[in-house]
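# Coordinate inspection notes
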Amino acid sequence: MKRRLPALSCHEKLAYALGDGGSALLSGTCTMFLLQYLTEAVGICAGTAGMLVLTSKFAGAVAFLPAGFLADWFRSRFGCYRPWIIGLSVPVGLAVWLAFKSSEISGAFRMPVLVTALVAFMILMSLWSSAYGTLMGTLSNRKSDRVSLSSWRFVSVMVAIIIAQGLTPCLVGPFGT
């Protein structure tokens, strides 16, 4: 028989929700203004930019299923999911930084760097979000806790997306495209 885990506190639910909210803030900001950035700052045509976004999103979607298997299969002394969540934070940040620095690259390297960075970002976010999403099932074995945790997570993600939509246009002016 499974050991009954204690009920999750509000602090634990808030911490879990804020982690996913941070992820939504990053990915929402990046994907929401990606086409504008690609056409205005990088200078590629809208059709090429759309195909680039479609290709990178497709790569992330294809990577999601193997990412779930990898996260469930992986075992370490730190747990199944923590190494993925912590370990992927720097590579995700580097992929985003490289994607948005690609406008400064000139010549034949601009597009390969941009494509590689965007595809890497989507694949890494699939790995990260797969591990983070399945973490919820290990935090509690109480159905009421999981439902409550999912609600906290949903609210946090929605608030993060609203912040991304409202704040990013204000930040583009001072920092440029």
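As a reminder, the structure under discussion sits directly above these lines.
Residues numbered from 1 in each chain as written. Predicted model: local features only at pLDDT ≥ 70, side-chain atom pairs only at ≥ 80, totals over all residues. Heavy atoms only, no water.

## Structural notes on the environment of W128
- Of note, W128 is situated in helix α6 (residues 110-139).
- Spatially, the C-alpha atoms of W128 and W84 are 6.2 Å apart, while their sequence positions differ by 44 residues. (Helix = DSSP H or I, 4+ residues; strand = E, 2+ residues; numbered from the N terminus.)

## Things to note about the packing of helix α2 (residues 34-42) against helix α3 (residues 46-73)
- The N-to-C vectors of α2 and α3 enclose an angle of 140°; their axes lie 9 Å apart at closest approach. Of the possible angle classes, the one that applies to α2 and α3 is oblique. With respect to the hand of their crossing, α2 and α3 are arranged in right-handed fashion. Residues L34, L35, L38 and T39 of α2 pack against A46, A49, G50, L52 and V53 of α3.
- Among the residues making up the contact of α2 with α3, the classes are represented as seven nonpolar, two polar and no charged. (Axes fitted to C-alpha atoms, helices over the stretch in contact; angles between N-to-C directions. Parallel < 35°, antiparallel > 145°, perpendicular 65-115°, else oblique. Left-handed = near helix turned anticlockwise from the far one by under 90°. Contact = heavy atoms within 4.5 Å. Nonpolar A, V, L, I, M, F, W, Y, C, P; charged D, E, K, R; others polar.)

## Some details on the pattern of salt bridges
- Going through the model one piece at a time under the given rule, you end up with three salt bridges.
- K101 is the partner of E104 in a salt bridge, and the nearest nitrogen-oxygen pair spans 3.1 Å. (Salt bridge = Lys/Arg side-chain N within 4 Å of Asp/Glu carboxyl O.)

## A word on a nonpolar patch on the surface
- On the surface, L25, F154, V155, M158, V159, I163, L167 and L171 cluster together into a nonpolar patch covering about 670 Å² of accessible area.
- Ranked by residues supplied to the nonpolar patch, first place goes to helix α7 (residues 143-175) with seven residues.
- Relative to the helices and strands, M158 resides in helix α7.
- Taking the relative accessible area as the measure of exposure, M158 reaches 33% and is therefore partly exposed. (Patch = residues over 30% accessible without salt bridge, like charges linked within 9 Å, V, L, I, M, F, W, Y side chains within 5 Å. Areas by Shrake-Rupley, 256 points an atom, 1.4 Å probe, with all protein chains shown as cover. Buried < 20%, exposed > 50% of the residue type's maximum accessible area, 1.4 Å probe, protein only.)

## A word on the nonpolar core
- With 24 residues, the main nonpolar core has Y81, I85 and F121 as its most contacted residues.
- Looking at this core, the element that brings in the most residues is α6, giving 10 residues.
- When neighbours within four sequence positions are excluded, F121 is seen to be in contact with L26, S27, C30, V92, A95 and V96.
- Residues Y37, I44, A99 and L114 belong to the second largest nonpolar core, which totals 12 residues. (Core = buried A, V, L, I, M, F, W, Y, C linked by side-chain atoms within 4.5 Å.)

## Re helix α5 (residues 89-101)
- The end-to-end C-alpha distance of α5 is 18 Å, a good match for the 18 Å that 13 residues give at a rise of 1.5 Å each.
- All buried positions along α5 are accounted for by V92, A95, V96 and A99. One face of α5 carries all of its buried residues, which in axial projection span an arc of 95°. The exposed set on the far side of α5, more than 90 degrees from its buried face, consists of V90, L94 and W97. (Expected span 1.5 Å × (residues − 1). Arc of directions from axis to C-beta.)

## Digging into the packing of aromatic side chains
- For the structure on display, the rule yields three aromatic pairs.
- For the ring pair Y37 and F100, a centre distance of 4.7 Å and an interplane angle of 55° mean the geometry is tilted. Of the two residues, Y37 is situated in helix α2 and F100 in helix α5; the sequence distance between them amounts to 63 residues.
- Residue classification places Y37 among the buried positions, given a relative accessible area of 8%.
- Centre to centre, the rings of W128 and Y132 are 4.7 Å apart; their planes meet at 10°, and the pair counts as stacked. Of this pair, W128 and Y132 are both found in helix α6, four residues apart, which corresponds to roughly one turn of the helix. Taken individually, W128 and Y132 each receive the classification buried, so the pair is uniform in this respect.
- One aromatic cluster is present, built from ring pairs that chain together Y16, W128 and Y132. (Phe/Tyr/Trp six-rings, centres within 6.5 Å; stacked < 30°, edge-to-face > 60°.)

## Overview of the environment of C45
- Tracing the backbone shows C45 in the loop between α2 and α3.
- We classify C45 as partly exposed; its relative accessible area is 48%.

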